[in-house]
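Reading the structure
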Amino acid sequence: MTTLTVQGMHCDACKKLIMMELEDAGLGDSVVDITLKPENIGELQLAETVTSNDEEKIISIINTMETYSIV
Amino acid sequence: MQEKIYYIAGMHCASCELLIEKRVLKEKGVKAADASLGNGTLRVECDGRMPRTNELNTWFQSDGYTFSETKQVEKKEPWLYVVEGKGIQMDMHILKKKIVILAQVAAVFFVLYLIERSGIAQYVSLSEQSSLGVFFLFGLVAGASSCAALVGGILLSLSKNWNDRYGYDASMGKKMVPHFYFHGGRLFAYTLFGGVLGSIGKAVGLGNVTIFATITILVSGVMLLIGLQMAGVKWAERCQIRMPKFITRRIAGTQQTAGNQLPFAIGAGTVLLPCGFTLIAQGIALTSGSAVQGAMMLGMFVFGTMIPLLFIGMATVKGSKNPKRGRIFSFYAGIVLVIFAAYNINGQFNVLGIPSVSDVFAKASVTDRTNIKVVRNPQGVQVVTMIAKGFEYTFTSPSTIQAGVPTTLLVDNQGMQGCGISLSARGLINGFVQLQPGQNTIDLGSPKKGTYKITCAMGMVAPITLHIQ
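Residues numbered from 1 in each chain as written. Chains lettered and ligands numbered in written order. Predicted model: local features only at pLDDT ≥ 70, side-chain atom pairs only at ≥ 80, totals over all residues. Heavy atoms only, no water.

1. Some thoughts on the packing of helix α6 (residues 172-200) of chain B against helix α10 (residues 261-269) of chain B
All names here are of chain B. The test is simple: Axis lines are fitted through C-alpha atoms, for helices just across the contact stretch, and the angle between N-to-C directions can take any value from 0 to 180 degrees. The numbering of helices and of strands both runs from the N terminus, where a helix is a DSSP run of H or I of at least 4 residues and a strand a run of E of at least 2. When describing relative orientation, an angle under 35 degrees is termed roughly parallel and one over 145 degrees roughly antiparallel, while 65 to 115 degrees is termed roughly perpendicular and anything else oblique. Crossings are assigned a handedness: left-handed for a near helix turned anticlockwise from the far helix by less than a right angle, right-handed for a clockwise turn. Contact between two residues is taken to exist if any of their heavy atoms lie within 4.5 Å; hydrogens are not considered. Residues are grouped as follows: nonpolar covers Ala, Val, Leu, Ile, Met, Phe, Trp, Tyr, Cys and Pro; charged covers Asp, Glu, Lys and Arg; every other residue, Gly included, is treated as polar.
As a packed pair, α6 and α10 sit with axes 6 Å apart at the nearest point and diverge in direction by 40 degrees. Our classification of the angle between α6 and α10 gives oblique. Remark: the crossing between α6 and α10 carries right-handed chirality. Contact residues: Pro178, Tyr181, Phe182, Gly184, Gly185, Arg186, Phe188 and Ala189 in α6; Pro263, Phe264, Ile266, Gly267 and Ala268 in α10. Grouping the amino acids of the contact of α6 with α10 by side-chain chemistry returns 9 nonpolar, 3 polar and 1 charged.

2. Details of the confidence of the model for chain A
What counts is decided by this rule: pLDDT: the predictor's confidence for each residue, scored from 0 to 100.
Averaged over chain A, the pLDDT score is 88; the fraction of residues at 70 or greater is 100%. Mean pLDDT across the elements of chain A ranges from a minimum in strand β4 (residues 69-70) of chain A, with 86, to a maximum in helix α2 (residues 52-64) of chain A, with 91.

3. Examining the sheet that holds strand β3 (residues 41-46) of chain B
Residue and element names in this part refer to chain B. In plain terms, the rule: What makes two strands pair is DSSP finding at least two bridges between them.
Sheet architecture is open: 4 strands sit in the order β2-β3-β1-β4, paired in antiparallel fashion. Pairing within the sheet leaves two strands with one partner each, and these edge strands are β2 (30-36) and β4 (66-68). Adjacent strand axes in the sheet meet at a mean angle of 25 degrees, parallel and antiparallel pairs treated alike. For strand β1 (residues 2-9) and β4, the ladder comprises 3 bridges, and the chain directions are antiparallel. Paired with Ile8 across the bridge in β4 is Phe67. Packed onto the sheet, helix α1 (residues 14-25) meets β1, β2, β3 and β4 and runs at close to 165 degrees relative to β2.

4. Concerning the pairing of β2(B)
Residue and element names in this part refer to chain B. Heads up, the rule is: Accessible area is worked out with a 1.4 Å probe on protein chains only. A residue is then buried under 20% of its type maximum, exposed over 50%, and partly exposed in between.
By the criterion of burial, β2 is predominantly enclosed, with 5 of the 7 residues buried. Inspection of the sheet shows β2 paired to β3 by 6 bridges, in the antiparallel sense. Bridging across to β3, Ser36 finds its partner in Thr41. Connecting β2 to the next strand, β3, in antiparallel fashion are 4 residues, including Gly40 with a positive phi near 70 degrees.

5. Side note on the pairing of strand β15 (residues 450-456) of chain B
Residue and element names in this part refer to chain B. Among the 7 residues in β15, 5 count as buried, and that is most of the element. The pairing of strand β12 (residues 422-424) with β15 spans 2 bridges and is antiparallel. Note on β15: the bridge partner recorded for Ser424 is Thr455. Judged from the 5 bridges that link them, β15 and strand β16 (residues 464-468) form a sheet pairing that is antiparallel. Within β16, the position partnered with Gly450 by the bridge is Ile468.

This is the structure in structure tokens:
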């Protein structure tokens, strides 16, 4: 299972914002869990069925969001 | 197109604003949604049916936001109340809390007043021979006096927005980041400007009294509005001065380099708002004849101002530890800001030579009450004499003279303090004159008929008026 590390996540609203963007892109089911860590880091656990293409799309969507970026 | 404003409780950061906006924008007919953490509002523009408040509450129930159509007024804790059978009662605990806060606010002004009047500035006088350490000390004094009123006021008005963006639970270190960028911007701009002054050796940007005074009045006007908003004045809260969201969001950026360009730029912009102390330091940098020396002089001066101004920043951050404390601090900080702004505006009215509150307290010139005549030297030049001492200017010759006659102003500097060394007399003198110790001779040309105020560069020295008939 792939885990993506996201910089800039500091609260539940951040989790929901990211999920909202992914759902709008039809990729909501690709994320199994989002965990908040210290120092504004969030971890996105991707489903095992996620293809590399979808993974790239997810990374691209998050990187274009204003205050988040994939580490 | 309809527009409606909802009041929101429960937001704590920029992400909350974005979350609410994105969700509401999905509704049919909604053209624009603008959530504001600072104001606690959501403004919606809609072509079709406006979302109902209960719908909003349902959508966001799990997120902890509550919406209403009226502002939720916080239940006030009265310190004075009536109990049936017992009459008027006083809650001493609440009264004590309010007195402590008022005393702290009064202490701020008292300390500033003491520093301004203490004469400490005369022990930190600048000249071309001063070491960089003296420039630092000069900056320290400036930061605790006239700079506190102007730049400190700007910091107070910006801090609320910065604190709101990070949320109450953010650490002090995080909330101080925009302050460090602000001061970094100041250091950068002033050091650069010092280098420019030193290298070209001309009075670039120091000359125009009207421009500086107008900029300061405009900035103080914005400060006044923000102060009234922070103090909770209703009509002021409706007048929102907003930057485009794509700029304000950058203030709350959590990435290392992005997100703080605006505080840096505003800090750099304060180079357009020199206080009297700053003008003195700039004047010395000007005469240094060296870009490096000029840059280091102003750099050390601004570094000195940073210390007291950082304390102001830390006080605002501490004051926003939790929502309740933040509201109380915001109220009293708003009062401080209103007083600073009014003080600055009054000062600049003096610099511009227009009527001000200072005129109400102005003493009539002693020389006008005596039979002293206007002195003319053997060349027929009208001589006006005055003393600059402490934090006061005093005429020692009549303050009413003849128009169209060549006139000289002799200023005897007997120990003028602080920014009073930078003399201003719009209409009579171009720009500002840095008084040297002892006699200073200023050629006024053949002045036109009118009433002219003589004050310091910031208008803080009580103005004296020269009448030319």
